[in-house]
Each structure stands twice: as structure tokens, then as C-alpha cells.
Amino acid sequence: MNPLILTCAVVGAELTREQTPYLPLSPEEIADSAIEAAEAGAAMVHLHVRDSQGRPTCDEKVFSEVLEKIRHRSDVIIQVSTGGAIGDTEVDRFRPLEAAPDMASLTTGSVNFGSEVFFNPRPFVESLAKAMLEKGIKPELEVFDAAMLENGMALAAKGLVLPPLHFDLVLGVPGGIAATERNLRFLAEGIPSGATWSVAAVGRHQFPMAELAIKWGGHARVGMEDNIFLEKGVLAKSNAELVAKAVKMARELGRPIATPAQARNLLQIKK
Ligand code: KMH
Ligand code: ZN
């Protein structure tokens, strides 16, 4: 089987220390947590950053600081979020690209997100894709609902995203597609040939959906952005613990873990 690319989504934009005291917030904490996750087996990290008050920010200076700290000590693939936090302006959501990451997330459509709306109108998505293309940043096409798969392929048809495409199937966000085996199979079957896919399922669905992806030849994302529990009622004390659990699962299922170099090769990302 092809090696498994594990991504760790380190902090996200929604969580607070009230929900888990183990959440990394400062640039040092986020960088350390990303490096520990890489040491535990993550080939890629998906990053949001926080300001000095712990609030989500799109500030490219904070992103650059975190990226520099990580790159000093690790060759893990760094993917920044252009999803940001609900309510971020379109202008702000371009800013993380200025930190020159390897990859960036690119949600290909709008979706309800809890009681709010995660706005991704087509012209905005296309302009983000164009900016990534011009900067040589590979997009991870984020699919929160079924139509977003077609939207990703439409970007490719317009030449705004270059093959090989990489999709992240985000399951279980309230308002998006639910985290069920049937839905994951449906989406995975719709992945165009030559493309890669990973699953990021929310909360208690994180590991059951990762297990299916491991068995089916897909890739998986774990980490506190999506799930803060190692098991029922037990908070993960670090992102590395969540990655280590996925590594153990993959080993038991006979799937090798991709190093960052192998993942760069699979995703065709230049160093
Ligand atoms: N925080 C969510 C509104 C992404 O990183 O690209 C969007 C999100 C997706 O987390
Ligand atoms: Zn994110």
C-alpha cells in the first residue's frame, strides 16, 4: 500500500483554553506542537495562528514567525489555512499566503458552519486559487459537502489548480456532510483519477473515519483543530498523542507511514 500521509491540524480557529488547557496558542507553542506532531509521524501540519490574546488571526507576520521556527527544526510539509475564522474578511484570508508555505487550504464552496456561514463565493475561491498558483503554493481542496468535490474539479478544468489534485474530505461539521462510512465512500469514489485524498472528521468521528481512509488507501488528518479527545472523556495532552494514536492504528492495519520527503513526492511538492 502507498504510505499514509498523516496531517496534524494543530490549533484551528475556534477552540479555546476553556475547552482544553492543552491548546497551543503562542507562536512558540504552535511551532513546538507542530514539530512534536512531526516527530510522532505527521508528514504535514495544517496551521492557523493566534494573536497575543489567543484570538485567531490571519497576520502574515505571525504565520512567518511560526513557519520559521518549524523549518529551523523540521522538514514537515507546512500548510496554512486560508479558511481562517468565521467572519474574517476576504482580504485577510489571502494574508497567510505571504508567509510562503508549501501548501494552503482552499475551501471550494460555502457551507453552514454551526449557526454561522463559512462564506466561499466562487469568485473569491478562484482568486485565492490564482494567488496560490502564482506563488507556487499547492492547494489542499477542502470538501465540507458533496458539491465542493465538483467545485474543485471545475477549478482544475479552468487551469486554476494544477494536477495532481489533493482533496481533504471534511466530515462532521454541523451544517456540512455527516461523518458516516457511506458518505466517505461516496466522496472517495468521486475523487478523480490521479488525485489524492485525505479525511478530516470532527470530534468522536476522527479516528473511525481515519481508520477507513487507512484501509482504503486514502490519507488522514488528526489534531486538536478537529478533535481534542484521545478517547472518550480523556483529553489529548498534545497533538503528538493524537498523531501517535493514528500511527499505531496504521501499523496495526499494515500501512506504512509517509515521511515528509515521501509525502512531498506523492503530492508533488517541491522542497
Ligand atoms: N475555521 C473554519 C471556519 C480551513 O482551515 O481552511 C475554516 C477552516 C478551514 O478551518
Ligand atoms: Zn483549518
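To keep things clear, this report deals only with the structure shown in the data block. (Residues numbered from 1 in each chain as written. Chains lettered and ligands numbered in written order. Predicted model: local features only at pLDDT ≥ 70, side-chain atom pairs only at ≥ 80, totals over all residues. Heavy atoms only, no water.)

1. As for the overall build of the protein chain
Condition: Secondary structure elements are taken from DSSP: a helix is a run of H or I of four residues or more, a strand is a run of E of two residues or more, and numbering for both begins at the N terminus. As defined in this context, the radius of gyration uses C-alpha atoms, and a globule is described by 2.2 Å times the residue total to the power 0.38. Note on classification: 1.4 Å probe, protein chains only; a residue is buried when its accessible area is under 20% of the maximum for its type, exposed when over 50%, partly exposed between these limits. Note on definitions: a residue-residue contact is assigned when non-hydrogen atoms from the two residues lie within 4.5 Å. Every accessible area reported is derived by Shrake-Rupley at a probe size of 1.4 Å, with residue values counting cover from the shown protein chains alone. For this count, His and the chain ends are skipped, Lys and Arg are scored as positive, and Asp and Glu as negative. Each charge is placed at NZ for Lys, CZ for Arg, CG for Asp and CD for Glu.
Within the protein chain one finds 9 helices and 14 strands. Relative to the globule expectation of 18 Å for 271 residues, the C-alpha radius of gyration of the protein chain, 17 Å, shows essentially globular dimensions. Summarising its shape, the C-alpha atoms of the protein chain cover approximately 45 × 40 × 40 Å along the three principal directions. The 271 residues of the protein chain split such that 56% are buried. Within the protein chain, contacts between residues at least 6 apart in sequence are counted, and of these 71% link residues at least 24 apart. Total accessible area computed for the protein chain in this model is approximately 11,600 Å², and 52% of it derives from carbon and sulfur atoms. On the protein chain, the mean spot of the 28 positive side-chain charges and the mean spot of the 34 negative ones are 4 Å from each other.

2. Quick notes on the sheet that holds strand E10 (residues 166-171)
Basically, it comes down to this: The rule for pairing is simple: two strands pair if DSSP sees at least two bridges between them. Interaxial angles span 0 to 180 degrees and are taken between N-to-C directions of axes, which are lines fitted to C-alpha atoms, for helices over the stretch in contact.
Judged by pairing direction, the barrel is parallel, and its 8 strands sit side by side in the order E1-E2-E5-E6-E9-E10-E11-E12 before closing back on the first. The average angle at which neighbouring strand axes cross in this sheet is 25°, direction not considered. Of the strand pairs in this sheet, strand E5 (residues 77-80) and strand E6 (residues 103-107) are connected by 2 bridges, and their pairing is parallel. Within E6, the position partnered with Val 80 by the bridge is Ala 104. Here helix H5 (residues 147-157) sits on the sheet and contacts E6, strand E9 (138-143) and E10; the angle it forms with E9, its principal contact strand, is near 155°.

3. Focus: the coordination of the zinc ion (ligand 2)
Counted only if it meets this: Nitrogen, oxygen and sulfur within 2.8 Å of a metal are treated as its donors, or within 3.2 Å for sodium, potassium and calcium (Na, K, Ca); water is not counted, so a site can appear incomplete.
Protein coordination at the zinc ion (ligand 2): the donors are His 46 (NE2), His 48 (NE2) and Glu 225 (OE), at 2.1 Å from the metal. Mapped onto the polypeptide sequence, the residues donating to the zinc ion (ligand 2) form the spacing pattern H-x1-H-x176-E. Of this pair, His 46 sits in strand E2 (residues 44-47) while Glu 225 sits in the loop between strand E12 (219-222) and strand E13 (229-231), placing them 179 residues apart in sequence. On the accessibility criterion, His 46 (2% relative accessible area) is buried.

4. Observations concerning the packing of aromatic side chains
The criterion, for reference: Only rings of Phe, Tyr and Trp enter the pairing, Trp through its six-membered ring, and a pair is recorded when the two centres are within 6.5 Å. The plane angle decides the type: under 30 degrees is stacked, over 60 is edge-to-face, the rest tilted. Think of it as a cone above the ring: NZ of Lys or CZ of Arg counts as a charge over the ring if it is within 6 Å of the ring centre and within 35 degrees of the ring normal.
Following the criterion strictly, the structure yields 4 aromatic pairs and no others. Between Phe 113 and Phe 118, the aromatic rings sit 6.0 Å apart at their centres with planes inclined by 65°, giving edge-to-face as the arrangement. Here Phe 118 falls in the buried class, since its relative accessible area comes to 7%. Consider the rings of Phe 113 and Phe 144, whose centres lie 6.4 Å apart with planes at 55°: the pair is tilted. Residue Phe 113 is located in strand E7 (residues 111-113), and its partner Phe 144 is located in the loop between E9 and H5; the two are separated by 31 residues in the primary sequence. On the accessibility criterion, Phe 144 (8% relative accessible area) is buried. The ring of Phe 207 has Lys 245 lying over it, and the distance from NZ or CZ to the ring centre is 4.6 Å.

5. Looking at the site of ligand 1
In plain terms, the rule: Nearness is defined per residue: one heavy atom within 4 Å of the molecule or strand is enough. In the analysis that follows, any N or O atom pair within 3.5 Å is treated as a polar contact, provided that within protein one partner can donate a hydrogen and the other can accept it, and provided that, for residues neighboring in sequence, both atoms belong to side chains. When residues are sorted by character, Ala, Val, Leu, Ile, Met, Phe, Trp, Tyr, Cys and Pro go into the nonpolar class, Asp, Glu, Lys and Arg into the charged class, and all the rest, Gly among them, into the polar class.
Close contacts around ligand 1 come from Ala 13, Glu 14, His 46, His 48, Ser 81, Gly 83, Gly 84, Ile 86, Ser 105, Phe 113, Phe 118 and Glu 225, and that covers them all. Ser 105 places a side-chain nitrogen or oxygen 2.6 Å from an oxygen atom of ligand 1. Between Glu 225 and ligand 1, the recorded distance is 3.1 Å, taken from a side-chain N or O atom to an oxygen atom. Bound to the protein, ligand 1 loses 96% of the 300 Å² it would expose on its own. Residue composition of the shell around ligand 1, by class: 4 nonpolar, 6 polar and 2 charged.

6. Thoughts on H5
Let me state the cut-off plainly: The directions from the helix axis to the C-beta atoms are what the arc is built from.
What H5 keeps buried is the set Met 148, Leu 149, Gly 152 and Leu 155. Mapping the buried residues of H5 onto a view down its axis gives an arc of 115°, with all of them on the same face. For H5, the elements touching its buried residues are E6, E7, helix H4 (122-135), E9, E10 and helix H6 (181-189). Following H5 by one or two positions, Gly 159 adopts a phi angle in the positive range, close to 80°.

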